[in-house]
Amino acid sequence: MRVSAPPPLGHVSLALESDESLIVLHPKSILAYRGMPHQRQDQLMNLSSAYHKKRWIRSLLQGPCDMILGLPPGCSLTTVDIADREELLFDLRNIMYFSESLATKSVVQKMRTAWITKDLVRIRFSGIGSIGILTAGDLAVLQLHPDKPIFVDKSALVAYPQAASIELSVYGNPLASQHMNVQWRLTGSGPVLIQTGHRDAELIDRLQDDNVVKRILREVIPFGSVFIK
């Protein structure tokens, strides 16, 4: 499978060889398709997948063919190869597509964790193939350490090793812990995948706080645009 993404975010191009097949979990994202019509077969999702993706249909595409997938504004798509030894647990909401050769298994989370994060099931892929990960912003990879924990905002965590130790936590002094979002505390070995497009709404509001009085003063006072921010 060949994947190409242009410099501006917005879409990716996929090309499948004759011996490749791909499952697309967001069929309406297929903006253009070149291949024989019978090489696309839409299927009903299972109940768990439909619940997490809020969709009932997925598409199986068989090569040779190529297509263009549209992406939501501000999102990027990264293709990751899954080796047979990998045991990463993924949030299904971040999965755009995966090779038909991969098997999937649902892993149920602890009830306390599921209640706080609204995330009851994570997905583990096994076999040889690739998956397309849709993220807000870019995808970053961190390496776990058995003794030094990594704290990750709960909305930013995309995938982590099944053998990792993971629990909900906060960190810092009392003032810090009282004003931060819930964090995942992770230790162990292997990679952790996070999406970097998480936005601080308060920071954005402050950056965009530009009232009428400030705009008028910038216009009427000499060098107002320099001194009035």
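Refer to the preceding data block for the structure.
To start, this report covers the structure provided alongside it. Values in this document were obtained by computation on a predicted structure and should not be read as measured data.

With respect to the overall build of the protein
Per the secondary structure count, the protein includes six helices and 19 strands. For the protein, with 229 residues in total, the buried portion stands at 39%. Partitioning the intrachain contacts of the protein with sequence separation of at least 6 by distance along the chain shows that 71% fall at a separation of at least 24. Accessible surface for the protein amounts to roughly 13700 Å². Of this, 56% is attributable to carbon and sulfur atoms.

Details of the sheet that holds strand β8 (residues 75-82)
The sheet built from six strands is open, its strands ordered β5-β6-β3-β10-β13-β8 with antiparallel pairing. Single-partner strands in this sheet number two, and they are β5 (40-44) and β8. With strand direction ignored, the average angle separating the axes of adjacent strands in the sheet is 20 degrees. Bridging between strand β10 (residues 95-99) and strand β13 (residues 129-136) involves three bridges; their strand directions are antiparallel. Residue pairing in the sheet places Tyr-97 in a bridge with Gly-132 of β13.

So, the environment of Asp-91
You can see Asp-91 is positioned in the loop between β9 (88-90) and β10. For Asp-91, a relative accessible area of 6% translates into the label buried. Taking the C-alpha atoms as reference points, Asp-91 and Asp-119, separated by 28 residues in sequence, lie 8.1 Å from one another. Once residues within four sequence positions are removed from consideration, Asp-91 is found in contact with Asp-119, Arg-122 and Val-158. A distance of 2.7 Å separates a polar atom in the side chain of Asp-91 from a polar atom in the side chain of Arg-93.

What to know about the pattern of salt bridges
Under the definition given, this model contains three salt bridges. A salt bridge links Asp-42 to Arg-40; the nearest nitrogen and oxygen atoms lie 3.0 Å apart. The salt bridge partner of Asp-91 is Arg-93, with a shortest N-O separation of 2.7 Å.

Structural notes on the sheet that holds strand β4 (residues 30-34)
Pairing within the open sheet is antiparallel, and its four strands lie in the order β1-β2-β7-β4. With partners counted over all chains shown, the strands left at the sheet margins are β1 (2-4) and β4, one partner each. Geometrically, the sheet is characterised by an average inter-axis angle of 15 degrees between neighbouring strands, direction not taken into account. Where strand β2 (residues 11-16) meets strand β7 (residues 65-70), six bridges bridge the pair, whose relative direction is antiparallel.

Description of the nonpolar core
Core analysis: the biggest nonpolar cluster contains 20 residues, and Phe-90, Ile-95, Phe-98, Phe-125, Ile-131 and Leu-193 have the highest contact counts within it. Among residues more than four places away in sequence, those in contact with Phe-90 are Ile-82, Ile-95, Arg-122, Ile-123, Phe-125, Ile-131, Ile-133, Val-158, Ala-159 and Leu-193. Judged by nonpolar contacts, the second largest core, of 16 residues, contains Leu-22, Val-24, Leu-61 and Leu-69.

Notes on a nonpolar patch on the surface
A surface patch of nonpolar side chains, amounting to about 350 Å² of accessible area, comprises Leu-44, Trp-56 and Ile-57. Tracing the sequence through the fold places Trp-56 in the loop between α1 (47-53) and β6 (57-62). With relative accessibility at 54%, the residue Trp-56 sits in the exposed group.

Details of the pairing of strand β3 (residues 21-24)
Covered by surrounding structure in β3 are Ser-21 and Ile-23 together with Leu-22 and Val-24, the residues of both alternating faces. Across four bridges, the pairing between β3 and β6 is antiparallel. Looking at β6, one finds that Ile-23 is bridged to Leu-60. Relative to β10, β3 runs antiparallel, the two sharing three bridges. Its bridge partner being in β10, Leu-22 is matched across the sheet by Ser-99.

Brief notes about the environment of Pro-161
Residue placement: Pro-161 occurs in strand β16 (residues 157-161). Spatially, the C-alpha atom of Pro-161 lies 7.2 Å from that of Val-192, the residues being 31 residues apart in sequence. Setting aside chain neighbours within four positions, we find Pro-161 in contact with Glu-87, Leu-88, Leu-144, Ser-189, Gly-190, Pro-191 and Val-192.

What to know about the packing of aromatic side chains
For the coordinates displayed, the defined rule picks out three aromatic pairs. Consider the rings of Phe-98 and Phe-125, whose centres lie 5.3 Å apart with planes at 55 degrees: the pair is tilted. In this pair, Phe-98 sits in strand β10 while Phe-125 sits in strand β12 (residues 121-126), placing the two residues 27 residues apart along the sequence. The exposure class assigned to Phe-98 is buried, which follows from its relative accessible area of 6%.

So, how was this worked out
- Residues numbered from 1 in each chain as written.
- Predicted model: local features only at pLDDT ≥ 70, side-chain atom pairs only at ≥ 80, totals over all residues.
- Heavy atoms only, no water.
- Helix = DSSP H or I, 4+ residues; strand = E, 2+ residues; numbered from the N terminus.
- Buried < 20%, exposed > 50% of the residue type's maximum accessible area, 1.4 Å probe, protein only.
- Contact = heavy atoms within 4.5 Å.
- Areas by Shrake-Rupley, 256 points an atom, 1.4 Å probe, with all protein chains shown as cover.
- Pairing = 2+ DSSP bridges.
- Axes fitted to C-alpha atoms, helices over the stretch in contact; angles between N-to-C directions.
- Polar contact = N/O pair within 3.5 Å; in protein donor to acceptor, adjacent residues only side chain to side chain.
- Salt bridge = Lys/Arg side-chain N within 4 Å of Asp/Glu carboxyl O.
- Core = buried A, V, L, I, M, F, W, Y, C linked by side-chain atoms within 4.5 Å.
- Patch = residues over 30% accessible without salt bridge, like charges linked within 9 Å, V, L, I, M, F, W, Y side chains within 5 Å.
- Phe/Tyr/Trp six-rings, centres within 6.5 Å; stacked < 30°, edge-to-face > 60°.

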